[in-house]
Amino acid sequence: MPHINLSFAACGFLGIYHLGAASALCKHGRKLLKAVKAFAGASAGSLVASVLLTAPQKIEECNKFTCDFAEEIRRQSLGALTPGYDFMARLRSGVESILPANAHELAHDRLHVSITNARTRRNCLVSRFPSREDLIQVLLASSFVPIYAGLKPVEYKGQKWVDGGFTNSLPVLPAGRTVTISPFSGRLDVSPQDKGRLHFYVSITNQDVLEDNGIALSTGLRGRQQVFT
């Protein structure tokens, strides 16, 4: 089998779709997973990619956390914007409880996480993680939506970073064949089947989706990509 990569799109709480795809791959696509050389993702997609790579046995636990997290936010008077509610602290608690102690070693040079520089609006794909905390910080940065998740961007290597979906919502790696996964219907390998009403595609930060789905995605700002090592 040729060099294969798996890439999961940015999609917020629709990441539950990614967890379903990851579960299906574990049950029915073991041969494919053995051939996967690298995993990639942005925002919620990066979280699922990290779990599938480092702790596939915890996908169900991740699924429960996601549902509980979403329900917890719904109970807040103003959702995630409710004064006193710390979205990022809650997300961190889930990431820390699910990722194994050696997650950074398993992810090193195999997991590519899309993040956006808050100042330059440039995209970076981070793939080297000297420590578990480095990995967690990058995953949190990739999931940080300003205002919704808080007011202070995530700091990493002396710079401030926000959601990778703003600049590259579906990383395609240069080497090999990247299998793309998204909960939005479009020109993707794994996605819902939807003919759409207008029958044309919109390219949004590296995702080609049907126009009806494009309305639901953040347009963000296209940025130049650099590789952070």
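Residues numbered from 1 in each chain as written. Predicted model: local features only at pLDDT ≥ 70, side-chain atom pairs only at ≥ 80, totals over all residues. Heavy atoms only, no water.

### As for the overall build of the chain
At step 1: Summing up its helical and strand segments, the chain has 8 helices and 10 strands in all.
At step 2: Counting every position in the chain, which comprises 229 residues, the buried fraction comes to 53%.
At step 3: The long-range share in the chain, meaning contacts at least 24 apart out of those at least 6 apart in sequence, stands at 66%.
At step 4: Surface accessibility of the chain: about 11,200 Å² in total, with carbon and sulfur atoms responsible for 54%. (Helix = DSSP H or I, 4+ residues; strand = E, 2+ residues; numbered from the N terminus. Buried < 20%, exposed > 50% of the residue type's maximum accessible area, 1.4 Å probe, protein only. Contact = heavy atoms within 4.5 Å. Areas by Shrake-Rupley, 256 points an atom, 1.4 Å probe, with all protein chains shown as cover.)

### Notes on the UniProt feature "transmembrane region" (unreviewed entry) in the chain
At step 1: The positions that UniProt labels "transmembrane region" (unreviewed entry) are, in the present scheme, residues 6-26.
At step 2: Helix and strand shares over residues 6-26 are 57% and 14% respectively, and the end C-alpha atoms of the span are 13 Å apart. (UniProt positions renumbered as here; feature names shortened; annotations may be inferred.)

### Re the packing of helix α1 (residues 15-28) against helix α3 (residues 44-54)
At step 1: For the pair α1 and α3, interaxial distance at closest approach is 9 Å and the crossing angle is 25°. The orientation of α1 relative to α3 falls into the category roughly parallel. Between α1 and α3 lies a crossing of right-handed hand. Across the interface between the two elements, Gly-15, His-18, Leu-19, Ala-22, Leu-25 and Cys-26 from α1 touch Ala-44, Gly-45, Val-48 and Leu-52 from α3.
At step 2: The residue inventory of the contact of α1 with α3, partitioned by class, reads 7 nonpolar, 3 polar and no charged. (Axes fitted to C-alpha atoms, helices over the stretch in contact; angles between N-to-C directions. Parallel < 35°, antiparallel > 145°, perpendicular 65-115°, else oblique. Left-handed = near helix turned anticlockwise from the far one by under 90°. Nonpolar A, V, L, I, M, F, W, Y, C, P; charged D, E, K, R; others polar.)

### Here we look at α1
At step 1: The end-to-end C-alpha separation of α1 is 20 Å, in line with the 20 Å expected for 14 residues at 1.5 Å each.
At step 2: Where α1 is concerned, the buried positions are Gly-15, His-18, Leu-19, Ala-21, Ala-22, Ser-23, Leu-25 and Cys-26.
At step 3: For α1, the secondary structure elements touched by its buried residues are β1 (4-8), α2 (30-35), α3, α4 (59-75) and β7 (177-181). (Expected span 1.5 Å × (residues − 1).)

### Some words on the packing of aromatic side chains
At step 1: Counting across every chain of the model gives 4 aromatic pairs.
At step 2: Arranged with centres 5.4 Å apart and planes meeting at 35°, the rings of Phe-65 and Phe-69 form a pair that is tilted. Of the two residues, Phe-65 and Phe-69 are both situated in helix α4; the distance of 4 residues between them amounts to about one turn of the helix. As far as burial versus exposure is concerned, Phe-65 and Phe-69 are alike and both buried.
At step 3: Between the aromatic rings of Phe-69 and Phe-87, the centroid separation amounts to 5.0 Å while the plane-to-plane angle is 40°, which identifies the pairing as tilted. (Phe/Tyr/Trp six-rings, centres within 6.5 Å; stacked < 30°, edge-to-face > 60°.)

### Details of the side chain of Ser-182
At step 1: Here Ser-182 shows up in the loop between β7 and β8 (201-204).
At step 2: Classification of Ser-182 as buried rests on a relative accessible area of 0%.
At step 3: Here Phe-184 takes part through its backbone nitrogen, which lies 3.1 Å from a polar atom of the side chain of Ser-182. (Polar contact = N/O pair within 3.5 Å; in protein donor to acceptor, adjacent residues only side chain to side chain.)

### A word on the confidence of the model for the chain
At step 1: For the chain, per-residue confidence averages 88 on the pLDDT scale, and 84% of positions sit at 70 or higher.
At step 2: Below pLDDT 50 for its whole length, residues 213-229 participates in 48 contacts with residues either more than four positions away or in separate chains. (pLDDT = per-residue confidence, 0-100.)

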